[in-house]
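Coordinate inspection notes
Now for the letters of each chain:
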Amino acid sequence: MVDLASPLLGGFQDTLEAAFGSEWGWVAGHVIVLSLAALSVLMIRNRDHIMTQSGFGKSDMADAAVLLALTGVQYVIYTGSMDFPASTSLVLGIIGALSLRWMVLVLE
């Protein structure tokens, strides 16, 4: 059997296999991967409807993308350079990105 879920899900796939056994864990992992792929395709195909009907504009999406990028950069710095644990780095990255956003909006 081809195992596409392990590289994508990482340790979560190992947890699924430990919980459900190797065969059902393989099935559960691949169902999760296929579901995420199908949802991504639906989201891409309906992106115009989502953008016009959701109430979020391009500026909101750009703001979210910048927040995710800042969080990612800070996460890499904290884990790579400072050897912080992953969860602590993620929390610090989120707090730092939101704090920077707040400062930019207030000083604007």
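See above for the structure.
Residues numbered from 1 in each chain as written. Predicted model: local features only at pLDDT ≥ 70, side-chain atom pairs only at ≥ 80, totals over all residues. Heavy atoms only, no water.

**Examining the environment of Ala19**
For Ala19, the location among the structural elements is in helix H2 (residues 11-20). For the pair formed by Ala19 and His30, sequence separation is 11 residues and the distance between their alpha carbons is 15 Å. (Helix = DSSP H or I, 4+ residues; strand = E, 2+ residues; numbered from the N terminus.)

**Considering helix H5 (residues 58-80)**
Between its first and last C-alpha atoms H5 spans 32 Å; for 23 residues at 1.5 Å apiece the expected length is 33 Å, and the two agree. Of the residues making up H5, those classed as buried are Leu67, Thr71, Gln74 and Tyr78. If you follow the buried residues of H5, they end up packed against helix H6 (86-107). (Expected span 1.5 Å × (residues − 1). Buried < 20%, exposed > 50% of the residue type's maximum accessible area, 1.4 Å probe, protein only. Contact = heavy atoms within 4.5 Å.)

**Thoughts on the side chain of Thr71**
Among the secondary structure elements, Thr71 is positioned in helix H5. When residues no more than four places from it in sequence are discounted, the contact partners of Thr71 are Leu90, Gly93, Ile94 and Ala97.

**Considering the packing of H5 against H6**
For any two helices packed against each other, one specifies the crossing angle of their axes together with the interaxial distance. Interaxial distance between H5 and H6 falls to 8 Å at its minimum, and their mutual angle equals 135 degrees. Relative to H6, the element H5 lies oblique. For the element pair H5 and H6, the recorded crossing hand is right-handed. Across from Asp63, Leu67, Leu70, Thr71, Gln74, Tyr75, Tyr78 and Thr79 in H5, the residues of H6 making contact are Ala86, Ser89, Leu90, Leu92, Gly93, Ile94, Gly96, Ala97, Leu98, Leu100 and Arg101. (Axes fitted to C-alpha atoms, helices over the stretch in contact; angles between N-to-C directions. Parallel < 35°, antiparallel > 145°, perpendicular 65-115°, else oblique. Left-handed = near helix turned anticlockwise from the far one by under 90°.)

**Some points on a nonpolar patch on the surface**
On the surface, Val73, Ile77, Met82, Phe84 and Leu92 cluster together into a nonpolar patch covering about 400 Å² of accessible area. The residue Met82 is located in the loop between H5 and H6 in this model. Classification of Met82 by relative accessible area gives partly exposed; the value is 43%. (Patch = residues over 30% accessible without salt bridge, like charges linked within 9 Å, V, L, I, M, F, W, Y side chains within 5 Å. Areas by Shrake-Rupley, 256 points an atom, 1.4 Å probe, with all protein chains shown as cover. Salt bridge = Lys/Arg side-chain N within 4 Å of Asp/Glu carboxyl O.)

**Points about the packing of H2 against helix H3 (residues 22-45)**
Running from amino to carboxyl end, H2 crosses H3 at an angle of 140 degrees, the nearest separation of the two axes being 7 Å. On the basis of the axis angle, H2 is oblique to H3. Taken as a pair, H2 and H3 cross one another with a handedness that is right-handed. Residues Phe12, Gln13, Leu16, Glu17 and Phe20 of H2 pack against Ser22, Trp24, Gly25, Trp26, Ala28, Gly29 and Ile32 of H3. Taken together, the residues that form the contact of H2 with H3 break down as seven nonpolar, four polar and one charged. (Nonpolar A, V, L, I, M, F, W, Y, C, P; charged D, E, K, R; others polar.)

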